[in-house]
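As a plain string of letters, each chain reads:
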Amino acid sequence: MPTPATSLHVHVLIDSLTWGGAEMLLADLAAGAPSAAIELSVGYLNELHGSPAAVRLRAQGIEPELVGVARMLDPRALPRLRAHLARVRPDVVHTHLQIADVLGLLAARSLHLPCVSTIHLLASQPTGHEADSSARGVAKARLAALVRRHAGARVIAVSDAAREAYLQTGWDVAHRVVTVHNGIARAPGEGAGQQVRRELGIEPDALVLSTVSVLRAGKGHEVVFEAVRGLLTSFPGLRLIVLGDGPERERIEKLAGSLDTTVIFPGHHGDVMSVLAATDVLVHPTLMDAFPTALLEAAAAGVPVIATAVGGIPEIIENGRTGFLIDAPPSPVELAERLEPLLGDARTRLEMGAHAHERFIERFTAEHWVKHLRGVYEEVLREHAR
């Protein structure tokens, strides 16, 4: 069994390498892995949207391997995954997302490989990248939980809120479900903010709000639009960047309505940090979120945040110091009331941004993340040896 000073080979299995938060975080995991003597390799089950997260992994020196599993019920899937893991033969298998959790954990178990899985959502959140609250979706969630319980050694929750929500389902027991906060290894390049403003046609001195999320219901876009409408009288040059894409982009663009050039929809952006460098305040009035990466990115960029006090968000935002928390469900009035004094006071924005960056360095770097993951892996390996 590897000792703390020994390199530990961890093989990540994930459903795909599309634009999702879990997928994009793998490059941050790769960046931090050497600090904990972790040798990381990545397998992904299905090609989706051109696998943009693979580009970031390659930049970290990791070539992800496509296993070729499109759906859970494919009779060839489990033998294919088993052969893949038998060839890679890691010390630990770490699965992410539902199909990888089910098939990856079963394949690892059949090869007597220690395995863990990470849950990236609250148990009450939709599964996958689009809402799936159907009976079929619920059945898939329960199946994944059943496999985690009987084939995996640990379930890693990305926040205390996600851990509590998972345990409340009764799907697992407390000692097997642990919290490990995600971390990131990202920073905006010098002059990146000015460059983004030029690209998007934003004046150098304009006040800029941003949202960063998948474009779907529940993310609070309509709340932001209404708040911005109310703020334009006091801040006529205010601009709003709605970063991201998703299944409801057309509907959300229509919601912006008469805001016209105030709102910019650039879609996906390969460098979120550069957009945040052009941002004065990040707004995130979501109805539900386990541990949004956008808030970590804002902290890394030194940008204050106004977000809903739901899920794992209070574990990131220190209310009144690194940003402000608003009640759920979020209202345009409360959001505007929090935004107005912040937009009118550059010094407070800078101070909050500096505190956010300090908190990021203390808690949310990739090195912090992998240090805690390594502790989980070692505990699992000790149990496996017994």
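As the structure is a computational prediction, the values presented were derived from the model and not from experiment.

1. Focus: the packing of helix H4 (residues 98–110) against helix H5 (residues 135–151)
Here's step 1: In contact at an axis separation of 9 Å, H4 and H5 are set at 30° when each is read in the N-to-C sense. Between H4 and H5, the crossing angle belongs to the class labelled roughly parallel. Crossing handedness for the pair H4 and H5: left-handed. Where H4 approaches H5, its residues Gln98, Asp101, Val102, Leu105, Leu106 and Arg109 are matched on the opposing element by Lys140, Ala141, Leu143, Ala144, Val147, Arg148, His150 and Ala151.

2. Looking at the packing of helix H8 (residues 221–231) against helix H9 (residues 249–256)
Two quantities define a packed helix pair, namely the angle between the helix axes and the distance between the axes.
Here's step 1: With their axes 9 Å apart at the nearest point, H8 and H9 run at an angle of 15° to one another. Here H9 runs roughly parallel to H8, going by the angle between their axes. In the packing of H8 onto H9, the handedness of the crossing is right-handed. Contact residues: H8 offers His221, Glu222, Phe225 and Arg229, while H9 offers Ile252, Leu255 and Ala256.
Here's step 2: Looking at the contact of H8 with H9 residue by residue, the classes come out as 4 nonpolar, 1 polar and 2 charged.

3. Structural notes on the environment of Leu343
Here's step 1: Counting through the fold element by element, Leu343 comes out in helix H12 (residues 332–343).
Here's step 2: The exposure class assigned to Leu343 is buried, which follows from its relative accessible area of 4%.
Here's step 3: In the structure, Leu343 is positioned 63 residues away from Asp280 in sequence and 7.8 Å away in space, judged by C-alpha atoms.
Here's step 4: If we skip the residues at most four places from it in the chain, Leu343 touches Leu207, Leu209, Leu231, Phe235, Leu238, Val281 and Arg349.

4. Digging into the sheet that holds strand S1 (residues 8–14)
Here's step 1: Strands sit in the order S3-S2-S1-S4-S5-S6-S7 across an open sheet of 7 strands; the sheet is parallel. In this open sheet, the two strands that pair with only one neighbour each are strand S3 (65–66) and strand S7 (177–179).
Here's step 2: For strand S5 (residues 115–119) and strand S6 (residues 154–157), the ladder comprises 4 bridges, and the chain directions are parallel. Directly across from Val116, in S6, lies its bridge partner Arg154.

5. A closer look at the confidence of the model for the chain
Close inspection of predicted coordinates is inappropriate in any region flagged by low pLDDT.
Here's step 1: Of all residues in the chain, 96% have pLDDT values of 70 or greater, and the mean over the chain is 95.
Here's step 2: Across residues 127–131 the pLDDT falls below 50, and counting only partners more than four positions away or on other chains, this stretch makes 14 contacts in the model.

How each quantity is defined
- Residues numbered from 1 in each chain as written.
- Predicted model: local features only at pLDDT ≥ 70, side-chain atom pairs only at ≥ 80, totals over all residues.
- Heavy atoms only, no water.
- Axes fitted to C-alpha atoms, helices over the stretch in contact; angles between N-to-C directions.
- Helix = DSSP H or I, 4+ residues; strand = E, 2+ residues; numbered from the N terminus.
- Parallel < 35°, antiparallel > 145°, perpendicular 65-115°, else oblique.
- Left-handed = near helix turned anticlockwise from the far one by under 90°.
- Contact = heavy atoms within 4.5 Å.
- Nonpolar A, V, L, I, M, F, W, Y, C, P; charged D, E, K, R; others polar.
- Buried < 20%, exposed > 50% of the residue type's maximum accessible area, 1.4 Å probe, protein only.
- Pairing = 2+ DSSP bridges.
- pLDDT = per-residue confidence, 0-100.

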